[in-house]
Amino acid sequence: MKILVTGGAGFIGSAVIRHIINNTNDSVVNVDKLTYAGNLESLASVSDNERYIFEQVDICNQVQLERVFTEHKPDAVMHLAAESHVDRSIDGPAAFIETNIVGTYTLLEVARKYWQQLDTEKQRSFRFHHISTDEVFGDLEGTDDLFTETTPYAPSSPYSASKASSDHLVRAWLRTYGLPTIITNCSNNYGPYHFPEKLIPLMILNALEGKPLPVYGKGNQIRDWLYVEDHARALYKVVTEGCVGETYNIGGHNEKQNIDVVKTICSLLEELAPNKPDGVSNYEDLITYVKDRPGHDLRYAIDASKIAKELDWTPEETFETGLRKTVQWYLDNQVWCQHVQDGSYQRERLGEGSLQNKGQQS
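Within every chain, residues take consecutive numbers counted from 1 along the sequence as written. With pLDDT at 70 or above as the cut-off, local features in this predicted model cover only qualifying residues; side-chain atom pairs require 80 or more to be listed or tallied, and sums for whole chains, interfaces and linings still use all residues. Note that the side-chain values use all heavy atoms of the structure and ignore hydrogens as well as water.

The protein chain appears in an unreviewed UniProt entry as dTDP-glucose 4,6-dehydratase from Pseudidiomarina maritima. Looking at the protein chain in UniProt, the text filed under Sequence similarities (unreviewed entry) is "Belongs to the NAD(P)-dependent epimerase/dehydratase family. dTDP-glucose dehydratase subfamily." UniProt positions are given in the numbering used here, feature names are shortened, and annotations may be inferred rather than shown by experiment. The heading Catalytic activity (unreviewed entry) in the UniProt record of the protein chain holds the text "dTDP-alpha-D-glucose = dTDP-4-dehydro-6-deoxy-alpha-D-glucose + H2O".

Undergrad: Let's hear about the packing of aromatic side chains: which residues, and what values?
TA: We call Phe, Tyr and Trp rings a pair once their centres come within 6.5 Å, taking the six-membered ring for Trp, and we label the pair stacked below 30 degrees between planes, edge-to-face above 60, and tilted otherwise. Overall, the coordinates contain 18 aromatic pairs when judged by the stated rule. Judged by centre distance (5.2 Å) and plane angle (75 degrees), the rings of Tyr36 and Phe195 are edge-to-face. Taken together, the residues span a long stretch of sequence, with Tyr36 in the loop between β2 (27–31) and β3 (52–56) and Phe195 in the loop between β7 (188–190) and α7 (199–208) at a distance of 159 residues. With respect to burial, Tyr36 and Phe195 carry one shared label: buried. Between Tyr105 and Trp173 the ring centres are 6.0 Å apart and the planes differ by 80 degrees, which places this aromatic pair in the edge-to-face class. Highlighted residues: Tyr105 in helix α4 (residues 94–116) and Trp173 in helix α6 (residues 158–177), separated in sequence by 68 residues. Working definition: helices are DSSP H or I runs of at least four residues, strands are E runs of at least two. Numbering for both runs from the N terminus. Residue exposure (1.4 Å probe, protein chains only): buried if accessible area is under 20% of the type maximum, exposed if over 50%, otherwise partly exposed.

Undergrad: Outline the packing of helix α9 (residues 258–272) against helix α11 (residues 319–332), supporting the account with residue identities and numerical values.
TA: To get an axis, fit a line to the C-alpha atoms, keeping to the stretch in contact for a helix; angles then go from 0 to 180 degrees between the N-to-C directions. Relative to each other, α9 and α11 sit at 55 degrees, their axes nearing to 10 Å. Classified by the angle between their axes, α9 and α11 sit oblique to one another. Here α9 and α11 pass one another in a crossing that is right-handed. Contacts from Val261, Thr264, Ile265, Leu268, Leu269, Glu271 and Leu272 of α9 reach α11 at Phe319, Leu323, Arg324, Val327, Gln328 and Leu331. Classification convention: Asp, Glu, Lys, Arg as charged; Ala, Val, Leu, Ile, Met, Phe, Trp, Tyr, Cys, Pro as nonpolar; all other residues, Gly among them, as polar. Here the contact of α9 with α11 is composed, by residue class, of 9 nonpolar, 2 polar and 2 charged. An angle below 35 degrees is read as roughly parallel, one above 145 as roughly antiparallel, one from 65 to 115 as roughly perpendicular, and any other as oblique. Each helix crossing is assigned a hand: it is left-handed if the near helix lies turned anticlockwise from the far helix by less than a right angle, otherwise right-handed if that turn is clockwise. Two residues form a contact once any of their heavy atoms are found within 4.5 Å.

Undergrad: Describe unusual backbone geometry, listing the residues and the values that go with them.
TA: Phi at Leu34 takes a positive value of approximately 65 degrees, unusual for a residue other than glycine. On the secondary structure map, Leu34 appears in the loop between β2 and β3. Residue Leu34 is classed as buried on the basis of its relative accessible area, which comes to 7%. The backbone of His253 sits at a positive phi, close to 55 degrees, despite the residue not being glycine. Position of His253 among the secondary structure elements: in the loop between β10 (247–250) and β11 (255–257). On the basis of relative accessibility, which here comes to 52%, the residue His253 falls in the exposed class.

Undergrad: Now, about the pattern of salt bridges: what can you tell me, with residues and values included?
TA: The salt bridge criterion pairs a side-chain nitrogen of Lys or Arg with a carboxyl oxygen of Asp or Glu, the two atoms within 4 Å. Throughout the structure, instances matching the rule amount to 14 salt bridges. A salt bridge links Glu316 to Arg233, with the nearest nitrogen and oxygen atoms 3.6 Å apart. Separated by 83 residues along the polypeptide, Glu316 in the loop between α10 (305–311) and α11 and Arg233 in helix α8 (residues 228–241) bring together distant segments of the chain. By relative accessible area, Glu316 is classed as exposed at 59%. Through salt bridges with shared partners, one network takes in Glu55, Arg67 and Glu71.

Undergrad: For the state of the cysteines, give the residues involved together with the corresponding values.
TA: Counting rule for disulfides: a pair of cysteine sulfur atoms within 2.5 Å. A complete count under the given rule lists 0 disulfides for this structure. Looking at Cys337, it has no disulfide partner, and the nearest cysteine sulfur is the one in Cys266, 17 Å off. Judged by its relative accessible area of 0%, Cys337 falls in the buried class.

Structure (structure tokens):
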């Protein structure tokens, strides 16, 4: 197969591409605008592979998308490109509306026109896989409740509202036009190459620098954590084996309070990075409680029994094994972290357009 992956330079997208290149015979066309969260250094290990092509294209640019589809003739689309940080959506929602809603609409229309001109056999095998989030469901009040594929949508933030809108568009393009779509909603991801504004990498890197570890409110918000490489395996399963029109929830079966996540990171750093910054006796001493953000959902939890039963997928990592791997990765990859923190990864961006000369991406 040739799979077109949007947002492939992002955290989850790069994990998907690394999984496909390293574990299958499929080829990948990576379509990414390279916003602040797009980092081609995350794909350095596969950028020389002949089955990998990069296209620096904004998914809102219909003309460039049409060129990409015409030139590369994908067999499937995995749509991950999105603005995804809740705090940023509160401060500036316009970019989330543009990318997550208008961008998804533009991609759907280009994919639909491309799909309609395929021969009958290729039309049947084509897939448009939309990757979404559990945040579209809002939050859970009960301690035992779980999000299922039929949980009503109740988004709380501009980010989750924009993702809910994109989910509805994808379902409408299936119902109205017959475009063969599939949707997945996943829980919080963590792992290597995670942009440092997110909770786990932020805590690791701040602790190593002796900076405060900011925790919203009391830190009692509960999230279901999924190791990113487990998520990549699940997404590939869905695009290759999932049923058209279905939705699959993907979760890690790891519900943790934010404060417990932070304390576990501190404990791991005590073991793995015992040489602390000056003035720091214990990493936990750096924990600082800050004002909670507006509309902060209290609890997310995924029921992933459908994908386990129908596609035989379950996570391989526990939270303990995945978090240890994650902390160790950040300790071992300080150059990548430094390039993200000082912005130098952005200075190596490519000019607008196609890049098929492998090896220049990093």
